[in-house]
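# Coordinate analysis (summary)
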Amino acid sequence: MSENIKKIKEVEKVVIRFAGDSGDGMQLTGSQFTETTAVMGNDLATFPDFPAEIRAPAGSLAGVSSFQIQFSSDIIQTPGDDLDVLVAMNPAALKTNLQDLKQSGIIIANKANYSKKNLKLAGWETNPLEDDTLMGYQLIALDMTKIVSHAVEDMNLTSKTVSRSTNMFALGLMFWLYDRSMDSTISFLNKKFAKRPELVESNIRALKSGYHYGDTVEAIQSSYKVPKAKFERGLYRNIMGNQAVCYGLMAASQKSKCRLFYGGYPITPASDILHILSNHKNFKVKTFQAEDEIAAIMSVIGAAYCGSLGITATSGPGIALKSEAMGLAVVTELPLVIVNVQRGGPSTGMPTKTEQADLLQALFGRNGEAPIPVIAASTPVDCFNAAFESARIAMEYMTPVVLLSDAYVANGSEPWLIPSMEDLPEIETHIKKDGTKFQPFKRNEEQLARDWGLPGTPGMEHRVGGLEKDEHTGNVSYDPINHHRMTELRYEKINKIADSIPEIVPHGAKSGDILVLGWGSTYGAIRTAVNEAIKDGKSVAHAHLSYLNPFPKNLGEILLKYRYILIPEMNFGQLLMLIRNKYLINAKGLNKVHGKPFTVSEIYSGINDIIGD
Amino acid sequence: MSQVSESTLTRKDFISDQDVRWCPGCGDYAILAQVQKVFPDLGIPKENFLIVSGIGCSSRFPYYMDTFGFHSIHGRATALATGAKMANPDLSVWVVTGDGDAMSIGGNHFIHILRRNLDINILLFNNEVYGLTKGQYSPTSSQGHISKSTPLGSVDYPFNPPQLALGAGGTFIARGIDRELKHLNQLLKEAHNHSGTSFLEIYQNCWVYNDGAFANLTEKELKMETQLILEQGMPMIFGKDKDKGMRLVKGNLEVGMIGKDCKMEDILVHDEKNKIHGLMLSELTHKDGFPTPIGIIYREEKPPYEELLLNQIQKAIQIQGEGNLDSLFQNGHTWKV
């Protein structure tokens, strides 16, 4: 820490958003701030938000990319509603993000980018940094580009290189403002640009000039300190949702002693799962980038038939393409995990934005009666558990499983209490090796799971396929009674999964006015809103479903304990439809599809709309 | 691939207990019989055979073989087989497909498996018609083909499967005929011996919907004049009196009359490894005035996909050590509370 005579104010939580052009490096800046903040011991949650275009026209509103982080000395569940600080690298970033800034919040703007051309592109008639548009906010407008070029003037860099390191200046300034160390970012830069020493040097200089700027400039009166959060004891790291999915699946592969086979096709926002797993060949993970979504899942079915834990990941449009093959996995009863990192739909929709509108697709989007268990991840960290659990169910019940994630949990990150492999349960498989006359559709009593006979095992030769099979011999059968029975069995098997999953325990009042029932990534906003409502004396509880098919056994009983059931979803009422249908209750929906997660206040208003302020 | 030194297997070991349900007289019976005859001789333990199919008449094949088998969905057999082979490279994987399954709905998977060159054998039963759906024209039906869906004759230009396979980077491309049993037997063995994707097109007669599609190649009195039987290192000659041969004239293949308009030395010697020859030979599919090549059109040695993948895994383990999940989870920035 440099010596300074400025005041340091202690605050409990802070919300910052870095916003700029797609090419400004805002995602990298945000993730560096996150990494450092995690190591400093705050709890945190992040929300990266970027356009689908790799490089939308520079300076345009469509090209704004942003990264939001909330960090706190308390345990938090969301990236925050309103911003304390908005870093607006250009006029378009200011235009699209200003509405989220708190009254008297801080704006940090790079004056160099507020040219006439950029102002016009963003739809500002006059320069907001120079008139009274930003009155009521604390504006720190400075020419970052000029300061950075001074800092590197002896290095003979192109002006492009200079302007590309202004994000490090902004980061340095934020590090100073929130009392964080630059060490982690410095070592990151050393690694990232190991082959370009001039870029290491220029970026570090930019970072440091930002930091020192805060220290010396009078415009900024004080910096802030956010004390460490009180976490459960243990070893922590920061983790993103997609990464946690991969780790959960790898753990399940080890615990089931079945090799992980991944077949995938690139699709936003699921591609990171393919990237991460491809990078772990030394774990004997096999990854296959297929020619299309259909080939991806077909390869996984082939691998599962041969004894692998088969995984494929995609997003809604990919699931649509995989539907026929998912039916094949249902009828051949093979263990697969199909991850759907949901995004805005229908069709191509909004590829980089979040939504939860594929629930009914996961449950019903196939021809014929084709039940599939559905699990949903509620937070980036929960992605680990949900992935492990999906693989457990797939193996123990010999069935494909759909794991629902979404762009928000997939790209978001938070601190993860690192589990130890020895604490995770073993996963039993149904592999048979006895070599006597093998009957592929012979089931066990507990799970109704069929035996798994692997090619290469003597005496186990058998055929499976998409045609209906005889309940006993496994041969092709068109017998009417047999088809009815097999259809029942496939349902019974999935329903039996409810025996192996925990009952639901609401958080808050055990009975009362409102139960807010959620699933998936709405967890954080619901939990925070419900906690606030409880603090305000309301009779409210929160129940969150990880298992969408089958539901926990006690769900119906729990729902009856509240006068109202409120179901917030980033869709037009899909869980709502399931709950109303199954339990015949008048649940109410709270629905939006903005491509953005719910804010806490939206959920709170939903509660108030039912029971009044 | 694991081998057994002395095979005690016989044809009977590969006959399943299921009744074969193809139409009596279907060309598929002959192919099934040849495969059951060849498998015991390949030196592969029975449990290591896996037969994968898609949808169509030919795709019922796995049910009739007492091996591991997977009757999958339309067009996707090659993709399923790819995953199976990657998961267990010790298996001898055979894909049985048809002209609708592989050339139409599964066209994408077909070209990509050839490009990747997995060590898998593809048997394409080409009858130039859709049988199971009762008689529509297929992507290999000749132009003008009259079918239920083309009452005035098909206007489509057909696919030429060996040429498509060559274009996709195939490393073993051959053609056989359901009626030429000995020749087919030999081709099945060669397909098995090839390391990489083997593509064997088998002309197969569907007497119900497209009877006689290959009659000119199979009728006794005609076939000597219409089959160009390719043999490695041998001149490409044909004809009842072996008096015709393929020669190059201004860069094009032409039929030469030996002793009349050309000499024996002018006749091209078949070289399976010559891709240009392969392309020219495949061009002779259904070409007026030319014989139809059967046998191995092209062969190339190239490491199969799964071998390269396993090498990468081995190398990654060598360099990074075998992965440990606890240390992976704890990798990077961590902090203790």
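Worth saying up front: this structure is predicted, and the values here are computed from it rather than measured. Chains are numbered independently. Their residues run from 1 in the order of the written sequence. By the order in which they are written, chains take letters starting at A while ligands take numbers starting at 1. Thresholds applied to this predicted model are a pLDDT of at least 70 for local features of residues and 80 or more for the giving and counting of side-chain atom pairs; totals over whole chains, interfaces and linings are not thresholded and use all residues. Side-chain calculation: all heavy atoms of the structure are included, whereas hydrogens and water are not.

## Considerations on the overall build of chain A
Rules: Helix and strand assignments follow DSSP, with helices taken as H or I runs no shorter than four residues and strands as E runs no shorter than two, numbered in order from the N terminus. Only C-alpha atoms enter the radius of gyration, while the globule expectation follows 2.2 Å times N to the 0.38, with N the number of residues. Working definition: with a 1.4 Å probe on protein chains only, accessible area under 20% of the residue-type maximum means buried, over 50% means exposed, and in between means partly exposed. Only the protein chains shown count as covering a residue, and every accessible area follows the Shrake-Rupley method with a 1.4 Å probe. In this tally, Lys and Arg are treated as positive and Asp and Glu as negative; His is ignored, and so are the chain termini. In this description, the location of a charge corresponds to atom NZ of lysine, CZ of arginine, CG of aspartate or CD of glutamate.
Broken down by element type, chain A carries 20 helices and 25 strands. For 613 residues, the compact-globule formula gives about 25 Å, and the C-alpha radius of gyration of chain A, at 26 Å, lands near that figure. Viewed in the frame of its principal axes, chain A has a C-alpha envelope of about 85 × 60 × 45 Å. Looking at chain A residue by residue over its 613 residues, the buried ones come to 63%. Total accessible area computed for chain A in this model is approximately 23800 Å², and 51% of it derives from carbon and sulfur atoms. One way to put it: in chain A the 62 positive side-chain charges average out to a point 3 Å from where the 67 negative ones average out.

## Remarks on the side chain of E461(A)
Our working rule: Salt bridges are defined as contacts in which a side-chain nitrogen from Lys or Arg sits within 4 Å of a carboxyl oxygen from Asp or Glu. Between N or O atoms, a polar contact is any pair within 3.5 Å; within protein, one atom must be a potential hydrogen donor and the other a potential acceptor, and residues adjacent in sequence are included only when both atoms are from side chains. Any two residues whose heavy atoms approach within 4.5 Å at even a single point are treated as in contact.
By the element assignment, E461(A) lies in the loop between β18 (452-453) and β19 (463-465). Notably, E461(A) is buried but unbridged: the nearest opposite-charge side chain belongs to K46(B), and the N-O separation is 4.6 Å. Polar side-chain contacts of E461(A) include one of 3.4 Å to the backbone nitrogen of G459(A). A polar side-chain atom of E461(A) sits 3.4 Å from the main-chain amide nitrogen of E47(B). If near-sequence neighbours (up to four positions away) are discounted, E461(A) is found in contact with K46(B), E47(B), D66(B), T67(B) and F68(B).

## Details of the interface of chain B and chain A
Worth spelling out the cut-off: Accessible area, probed at 1.4 Å, shrinks when two parts are joined; the buried area is that loss added up over both. Note: two strands are recorded as paired if DSSP finds a minimum of 2 bridges between them.
With 58 residues of chain B in contact, the opposing surface of chain A contributes 71 residues. Interface of chain B and chain A: buried area, both sides summed, is about 5400 Å²; carbon and sulfur atoms make up 65% of it. On the chain B side of the contact with chain A, F68(B), F329(B) and W335(B) bury the most area, a combined 16% of that side's loss. In this assembly, chain B and chain A are joined by three salt bridges. Among the salt bridges present, the one from E291(A) reaches R116(B), with a minimum N-O distance of 2.9 Å. Tallying contributions element by element places helix α10 (residues 305-320) of chain B first for the side of chain B that touches chain A, with eight residues. Judged from the three bridges that link them, strand β9 (residues 235-240) of chain A and strand β12 (residues 334-336) of chain B form a sheet pairing that is antiparallel. Looking across to β12(B), one finds that R237(A) is bridged to T334(B).

## Quick word on the packing of helix α2 (residues 77-87) of chain B against helix α4 (residues 107-116) of chain B
Residue and element names in this part refer to chain B. Stated formally: To obtain an axis, a line is fitted to C-alpha atoms, over the contacting stretch when the element is a helix, and the angle between two such axes runs from 0 to 180 degrees between their N-to-C directions. Under the scheme applied, nonpolar residues are Ala, Val, Leu, Ile, Met, Phe, Trp, Tyr, Cys and Pro; charged residues are Asp, Glu, Lys and Arg; polar residues are all the others, including Gly.
At a minimum axis separation of 8 Å, α2 and α4 run at an interaxial angle of 40 degrees. Here α2 contributes T78, A79 and T82 to the contact with α4, which in turn contributes H109, F110 and I113. Split by residue class, the contact of α2 with α4 holds three nonpolar, three polar and no charged.

## Focus: the sheet that holds strand β2 (residues 13-21) of chain A
All names here are of chain A. Pairing is mixed in the open sheet, where six strands are placed in the order β3-β4-β2-β5-β6-β7. Whereas interior strands pair on both sides, the edge strands pair on one side only; in this sheet they are β3 (43-49) and β7 (138-142). Within this sheet the neighbouring strands show an average axis-to-axis angle of 15 degrees, counted without direction. Strand direction decides the pairing type here: β3 and strand β4 (residues 64-72), joined by seven bridges, are antiparallel. Considered in β4, the bridge of D49 is made with S66. Here helix α1 (residues 26-39) sits on the sheet in contact with β2, β3 and β4, set at roughly 10 degrees to β4.

## Quick notes on the pairing of strand β5 (residues 83-88) of chain A
Residues and elements named next belong to chain A. Within β5, six of the six residues are buried, leaving the element largely enclosed by the surrounding structure. With four bridges connecting them, β2 and β5 associate as parallel partners. Looking at β5, one finds that R17 is bridged to L86. When β5 meets strand β6 (residues 101-110), the two strands line up parallel, connected through five bridges. Looking at the pairing, L83 lines up with L101 of β6.

## Some thoughts on the environment of T226(B)
Summarising the element assignment, T226(B) is placed in helix α8 (residues 220-226). Other than its neighbours up to four places away in sequence, T226(B) contacts N216(B), L217(B), P291(B) and T292(B).

## Description of the sheet that holds strand β6 (residues 198-203) of chain B
The nine strands lie next to each other as β19(A)-β2(B)-β1(B)-β3(B)-β4(B)-β6(B)-β5(B)-β11(B)-β7(B), forming an open sheet whose pairing is mixed. The open sheet has two edge strands, β19 of chain A together with β7 (227-229) of chain B, and neither has a second partner. Averaged over all adjacent pairs, the angle separating strand axes in this sheet is 20 degrees, with direction ignored. Sitting on the sheet, helix α6 (residues 181-193) of chain B is in contact with β3 (92-98), β4 (120-126), β5 (172-177), β6, β7 and β11 (292-299) of chain B, with an inclination near 160 degrees to β5(B). Packed onto the sheet, helix α9 (residues 275-282) of chain B meets β7 and β11 of chain B and runs at close to 155 degrees relative to β11(B).

## Notes on the domain arrangement of chain A
All names here are of chain A. The line we're drawing: An automatic or database domain assignment supplies the start and end points of every domain.
Taken domain by domain, chain A comprises domain 1 (7-225), domain 2 (239-500) and domain 3 (507-611). Distance from the C-alpha centre of domain 1 to the C-alpha centre of domain 2: 41 Å. Facing the 14 residues of domain 1 at the interface are nine residues of domain 2. When the two sides are added together, the surface that domain 1 and domain 2 hide from each other amounts to roughly 900 Å², 56% of it contributed by carbon and sulfur. For the domain 1 face of the interface with domain 2, the top three residues by lost area are T46, F50 and A52, together amounting to 41%. Remark: the boundary between domain 1 and domain 2 carries one salt bridge. One salt bridge in this structure joins D49 and K353, with 2.7 Å as the shortest N-O distance. Put simply, domain 1 and domain 2 have four residue pairs in polar contact (both at pLDDT 80 or more) between them. Per-element accounting of the side of domain 1 that touches domain 2 gives the leading share, seven residues, to β3.

## Digging into helix α10 (residues 271-278) of chain A
Each turn of an α-helix holds 3.6 residues, which means side chains three or four residues apart point in the same direction. Within α10(A), the full set of buried residues consists of S271(A), I273(A), L274(A), I276(A) and L277(A). If you follow the buried residues of α10(A), they end up packed against α9 (241-256), β10 (260-264), β11 (286-289), β12 (309-314) and β13 (336-342) of chain A.

## Regarding the packing of helix α17 (residues 523-535) of chain A against helix α20 (residues 600-611) of chain A
The relative placement of two packed helices is expressed as an angle between their axes plus a distance between the axes. Residues and elements named next belong to chain A. We count it as follows: Orientation is classified from the angle alone, with under 35 degrees giving roughly parallel, over 145 giving roughly antiparallel, 65 to 115 giving roughly perpendicular, and any other angle giving oblique. By convention, the crossing between two helices is left-handed when the near helix turns anticlockwise from the far helix through less than a right angle, and right-handed when the turn is clockwise.
At a closest axis distance of 8 Å, the pairing of α17 and α20 adopts a crossing angle of 55 degrees. Comparing their axes, α20 and α17 come out oblique. Of the two possible hands of crossing, α17 and α20 adopt the one that is right-handed. Contact with α17, carried on its side by A525, I526, T528, A529, V530, E532 and A533, involves V600, I603, Y604 and I607 of α20 and no other residues of that element. Grouping the constituent residues of the contact of α17 with α20 by class yields nine nonpolar, one polar and one charged.

## Remarks on the pattern of salt bridges
For the structure shown, the criterion picks out 32 salt bridges over all chains. Between E272(B) and R299(B) there is a salt bridge; the shortest N-O distance is 3.0 Å. Of this pair, E272(B) sits in the loop between β10 (252-257) and α9 while R299(B) is found in strand β11, placing the two residues 27 residues apart along the sequence. By relative accessible area, which is 8% here, E272(B) ends up buried. By relative accessible area, which is 14% here, R299(B) ends up buried. Taken together, the shared-partner salt bridges connect E471(A), R485(A), E488(A) and E492(A) into one network.

## A few points about the packing of aromatic side chains
Quick reminder of the rule: A pair of aromatic rings is counted whenever rings of Phe, Tyr or Trp (Trp by its six-membered ring) have centres within 6.5 Å, and the orientation is called stacked for planes under 30 degrees apart, edge-to-face for over 60 and tilted otherwise. For a Lys NZ or an Arg CZ to count as sitting over a ring, it must be within 6 Å of the ring centre and within 35 degrees of the ring normal.
Evaluation of the coordinates by the stated rule reveals 27 aromatic pairs over all chains. On the numbers, 5.5 Å between centres and 85 degrees between planes, the contact of F47(A) with Y408(A) is edge-to-face. Placement of the pair is F47(A) in strand β3 and Y408(A) in helix α15 (residues 407-411), with a sequence separation of 361 residues. Of the residues examined, F47(A) reaches a relative accessible area of 12% and is grouped as buried. Accessibility expressed as a relative area gives 11% for Y408(A), which makes it buried. Their ring planes at 80 degrees and their centres at 5.0 Å tell us that W22(B) and Y64(B) sit as a pair that is edge-to-face. Of this pair, W22(B) sits in the segment before α1 (27-38) while Y64(B) sits in the loop between β1 (49-53) and β2 (68-71), and the two are 42 residues apart along the sequence. W22(B) sits in the buried class, given a relative accessible area of 6%. Joined through ring pairs, the aromatic side chains of F18(A), F33(A), F71(A), F175(A), Y178(A) and Y224(A) make up one cluster. One residue, K95(A), lies across the ring of W124(A), its end atom 4.3 Å from the ring centre. In this arrangement the basic side chain of R450(A) is found over the ring face of F441(A), its NZ or CZ atom lying 5.2 Å from the centre.

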